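# Commentary on secondary and tertiary structure
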Amino acid sequence: MGMVRLMRKLFTGLLTLSLSLIILGLILYNEQSIVQYLNETILHSYEKIAVHKNEYYRPNNFMFVQNTENYLVSSKQEIYNNFYSGINSGADSFSFYCKHDYDECLEDLTEIASNRDLLSHINNFTHPFNSFKQVETKFEAFGKVTIVLKKNYTKDERDRLNAEVERLSKELFSENNTVKYNILQAHNYIINKSKYDSKKISGESIYNSDKATGALFEGWAICSGYTDSMQLFLEELGINNFRVASDKHTWNAVEIENKWYHLDLTWDDPVAVGVPDLDLLEHEFFLISTRDLKNFNTGEHEFNEEIYKELKIEA
């Protein structure tokens, strides 16, 4: 009897092993089909989840990045578009997936996620209130990628700025004015309201001069504060625009009658050497072409024309 039991156990073990090997072989043989099925199953599940877009979402598409609802990426450009669309939506976090045959996806994502300058450039195409100050990328199972954002402006700051921009717009703008004149009104107001905060870079400043709150409420700004403030008025006017950045500086790009112009309030609010309290208002950098901007040769306006393609000088 003992020998019979032993033989039965041996037979059962061999049968189990054989079945396991057959199943494993089928899995390996159909690996691509299984992966594809899983991806398609995941795709159908997240396609049903609508991405919420807040009131600061911009429908604008640009040459470098475009809004997308394709959350199954198969190229670097589609990754760029998903970053832009997610940030632009105003969500605190958003996700997308790598397509099963996009072999370089993890490598490309790692490269993009670690490139803070690139992410900042993508950030510049969004509304200031949807822009981030911190971004974290999480790699999850089945090729899922989740981006977590920490916004640059708090709800209280957004509410205060919205009320202030709405109040000032009634004073500064008129439907009878030309587009350029309304922009000029905002340009002049922000500069007359603010002084350049020279202490911000050294860390000695007590002001939020890197944000619109510093320019519009505290009277102090650096380039990002001027730029955000101007963009809030441009948005109020319904004018297509984005922020431009070089390695050293930030300013506005504005589209008027299908032409793009540079608008730099920082350089139009210069600090007088030896007379820091002197208020100056200039218009050297008010709605100028890229060619004119380059002719100034400031050393601070060398921007990437492959990212900000709308501003590229045509050959």
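Everything quoted here is computed from the prediction, not taken from an experiment.

### Notes on the packing of helix 3 (residues 76-89) against helix 5 (residues 116-123)
One way to put it is that helix 3 packs onto helix 5 with a least axis distance of 9 Å and a crossing angle of 55°. Classed by the angle they form, the pair helix 3 and helix 5 counts as oblique. Taken as a pair, helix 3 and helix 5 cross one another with a handedness that is right-handed. Between helix 3, through Tyr80, Phe83, Tyr84 and Ile87, and helix 5, the contact on the second element is made entirely by Leu118, Leu119, Ile122 and Asn123. Classifying every residue of the contact of helix 3 with helix 5 by side-chain character gives seven nonpolar, one polar and no charged.

### Structural notes on the layout of surface pockets
The volume enclosed by the largest pocket comes to roughly 960 Å³. Lining the largest pocket are 36 residues, with Cys223, Ser224, Ala245, His249 and Thr250 positioned closest to its centre. Contributions of two or more residues to the lining of the largest pocket are made by helix 5, strand 3 (132-139), helix 9 (223-237) and strand 7 (241-245). With five residues, helix 5 is the largest single contributor of residues to the lining of the largest pocket. Tallied by class, the residues present in the lining of the largest pocket amount to 13 nonpolar, 12 polar and 11 charged.

### Some thoughts on the pattern of salt bridges
A full pass over the atoms with the stated rule returns 13 salt bridges. Close ionic contact of Arg167 with Glu164 constitutes a salt bridge, the shortest N to O distance being 2.9 Å. Separated by three residues within a single helix, Arg167 and Glu164 lie in helix 6 (residues 155-172), roughly one turn from each other. Accessibility expressed as a relative area gives 39% for Arg167, which makes it partly exposed.

### Things to note about the sheet that holds strand 2 (residues 93-98)
Two modes of strand pairing occur in sheets, parallel and antiparallel, and in both the strands are linked by backbone hydrogen bonds. Pairing in this open sheet of four strands is mixed, and the strands run 1-2-4-3 from one edge to the other. Two strands in the sheet have a free side with no partner beyond their single neighbour: strand 1 (72-73) and strand 3. In this structure, strand 3 lies alongside strand 4 (residues 144-151), joined through seven bridges in antiparallel fashion. Bridge pairing in strand 4 places Phe139 opposite Val145.

### Let's talk about the nonpolar core
Core analysis: the biggest nonpolar cluster contains 39 residues, and Phe83, Phe96, Ile122, Phe125, Phe242 and Tyr308 have the highest contact counts within it. Those elements giving two or more residues to this core turn out to be helix 3, strand 2, helix 4 (105-113), helix 5, strand 3, strand 4, strand 7 and strand 8 (250-256). It is helix 3 that provides the largest number of residues to this core, a total of five residues. With sequence-adjacent residues up to four places away left out, Phe96 is seen in contact with Tyr71, Val73, Ile79, Asn82, Phe83, Leu109, Gly143, Lys144, Val145 and Ile147. The next biggest cluster of nonpolar side chains, apart from the first, holds 29 residues, and it includes Val165, Ile191, Ala215 and Phe233.

Rules of the game
Residues numbered from 1 in each chain as written. Predicted model: local features only at pLDDT ≥ 70, side-chain atom pairs only at ≥ 80, totals over all residues. Heavy atoms only, no water. Axes fitted to C-alpha atoms, helices over the stretch in contact; angles between N-to-C directions. Helix = DSSP H or I, 4+ residues; strand = E, 2+ residues; numbered from the N terminus. Parallel < 35°, antiparallel > 145°, perpendicular 65-115°, else oblique. Left-handed = near helix turned anticlockwise from the far one by under 90°. Contact = heavy atoms within 4.5 Å. Nonpolar A, V, L, I, M, F, W, Y, C, P; charged D, E, K, R; others polar. 1 Å grid on protein atoms, 1.4 Å probe; cavity = no way out; pocket = protein on both sides within 12 Å on 5 of 7 lines; lining within 4 Å. Points joined across faces, edges and corners; volume = space filled by probe spheres on them. Salt bridge = Lys/Arg side-chain N within 4 Å of Asp/Glu carboxyl O. Buried < 20%, exposed > 50% of the residue type's maximum accessible area, 1.4 Å probe, protein only. Pairing = 2+ DSSP bridges. Core = buried A, V, L, I, M, F, W, Y, C linked by side-chain atoms within 4.5 Å.

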